[in-house]
Amino acid sequence: MKRLAILGSTGSIGRSALAVVDAHPTRLSVVGLAAGRRAEDLAAQIVRYRPSIAALTSDDDLPALREAASKAATITTSGPDGLIAVATHPDVDIVLCASSGTAALEAVLAAIAAGKRIALANKEVLVMAGALVTKAARARGVPLLPVDSEHNAIHQCLHGRPPDQVTRLILTASGSPFRTWPAAKLEHATPEDALRHPTWQMGRKITIDSATLMNKGLEVIEAHWLFDVPADRIEVLIHPQSIVHSMVELKDGSTIAQLGVTDMRLPIQYAFSYPDRWDAATPTLDLTRSAALEFASPDLDRFPCLRLAYQALNVGGTMMVALNAANEVAVDAFLAGRLPFPAISRVIDGTMAAHDVQDPATVEIVRAADQWAREHARTLAGELELKV
Ligand SMILES: NC(=O)c1ccc[n+]([C@@H]2O[C@H](COP(=O)([O-])OP(=O)(O)OC[C@H]3O[C@@H](n4cnc5c(N)ncnc54)[C@H](OP(=O)(O)O)[C@@H]3O)[C@@H](O)[C@H]2O)c1
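Residues numbered from 1 in each chain as written. Predicted model: local features only at pLDDT ≥ 70, side-chain atom pairs only at ≥ 80, totals over all residues. Heavy atoms only, no water.

Novice: Hey, could you run me through the packing of aromatic side chains in this one?
Specialist: Think of a pair of aromatic rings as described by two things: how far the centres are apart, and how the planes are tilted against each other in angle. Within the structure shown, the criterion is met by four aromatic pairs. Look at Phe-178 and Phe-341: their rings are 4.9 Å apart centre to centre, the planes differ by 80°, and that puts the pair in the edge-to-face class. Here Phe-178 is found in the loop between strand E8 (166–173) and helix H8 (183–186), whereas its partner Phe-341 is found in the loop between helix H14 (319–335) and helix H15 (343–354), with 163 residues between them in sequence. The same class applies to Phe-178 as to Phe-341, namely buried. An aromatic cluster of three or more residues is present, and its members are Phe-178, Trp-181, Phe-334 and Phe-341. Here the basic side chain of Lys-185 rests over the ring of Trp-181, its NZ or CZ set 4.1 Å away from the ring centre. (Phe/Tyr/Trp six-rings, centres within 6.5 Å; stacked < 30°, edge-to-face > 60°. Helix = DSSP H or I, 4+ residues; strand = E, 2+ residues; numbered from the N terminus. Buried < 20%, exposed > 50% of the residue type's maximum accessible area, 1.4 Å probe, protein only. Lys NZ or Arg CZ within 6 Å of the ring centre and 35° of its normal.)

Here's what the structure looks like:
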């Protein structure tokens, strides 16, 4: 029995993870759950999975858990310390980090220090503090298992191959709902247009990131930290069918790919079962019924966010913190209807141009850079809002 803590249990990945628990009740149990504001959803999960501990972001929402928690004998807690308490509970073997944003950074570092295996769906934490997280994991001998479908695919393709055999990592991207839109039309793209993802059902922030291709940019940075490969050997290919989840090119010219249905239960289960394989919790792939598989290079002029992510990785240091923070601010403003779609990349570009890069040697330096970038991006977003 593997015992889980799920950070972000009420979200898209969190709910898929609980579906994997439902499919494997003799192999997986739930010790800890943490969510943001959806107290009623968390209360229902407490009743069903009876975790030892559950956390919400704010104290104010805890009363909504009281009845469920007392019936299930679940301890309830809140805030950053609550998230850490869930991630480091002594009975937990695996921490699935599936909360959105960067709130879980300290909890992930604490879980690593406590020797927990990390299943990482959240990409912002690695983009923001990849050096700190990977260094801590290496020092403690803790595996970081990627849940993001592309990195999960690469993990499967690499299969322990020595780094000197690998020439390129190839990340696939669905190519956004705006793949065929001309630049002029993008000026008028609405949040509703951008939230219509062609192949995946996901949370709102990552769906907008997919529309701008920033999601792929964040994934390039994530791949760099997870697999220790430089930016110039990480390529992105647009693959609208989302069947090939990613590929690895080897030095003898072979390319190894991982294929599967577009269902996050597959990579989540892999991260839980690794190195074992369990029976599928998802339908399997029927290639005779799929459309022809297409591949193309991304258009960096219409989707500049991907170029900005490569640029941040090449500069290094806290430039990746600035990229990520500015993106979160710009995406929020776009979702709130305050910023036009093309202005998302302008806010990020402007924030990066003004950023004074530092060595992200401590969590405090990372958090300070994050704070600075958010404030700068808010100012830029305000200016662009008035101009358009
Ligand atoms: N969805 C996918 O298919 C997918 C694929 C690959 C990677 N990812 C990555 O996985 C992460 C989650 O994505 P998602 O699509 O599942 O997002 P989502 O549906 O928006 O869910 C986010 C989850 O995080 C929780 N949360 C937010 N702030 C929190 C905080 N301060 N403390 C604890 N929990 C907090 C939310 O709680 P409340 O809802 O209760 O507020 C919710 O449970 C993101 O980093 C995303 O990039 C997602």
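Picking up after the structure, the text goes on.
Novice: Hey, could you run me through the site of the ligand in this one?
Specialist: Neighbouring the ligand are 25 residues; Thr-10, Gly-36, Arg-37, Arg-38 and Glu-124 lie closest to it. At a separation of 3.5 Å, a nitrogen atom of the ligand approaches a polar side-chain atom of Thr-57. Here Ser-100 contributes a backbone N or O atom positioned 3.2 Å from an oxygen atom of the ligand. With the chains in place, 87% of the 900 Å² that the ligand exposes on its own is no longer accessible. Of the residues in the shell around the ligand, the class split is nine nonpolar, eleven polar and five charged. (Near = heavy atom within 4 Å. Polar contact = N/O pair within 3.5 Å; in protein donor to acceptor, adjacent residues only side chain to side chain. Areas by Shrake-Rupley, 256 points an atom, 1.4 Å probe, with all protein chains shown as cover. Nonpolar A, V, L, I, M, F, W, Y, C, P; charged D, E, K, R; others polar.)

Novice: I would appreciate a short explanation of helix H6 (residues 124–140) in the present structure.
Specialist: In an α-helix, one turn spans 3.6 residues; hence positions three or four apart end up facing the same way. Along H6, the sharpest change in direction is near 95° and occurs at Gly-130. Looking at H6, one finds that the buried residues are Glu-124, Val-125, Leu-126, Val-127, Met-128, Ala-129, Gly-130, Leu-132, Val-133, Thr-134 and Ala-137. Count one or two residues on from H6 and you reach Gly-141, which has phi positive near 70°. (Bend = angle between axes of the 7 residues up to and from the residue.)

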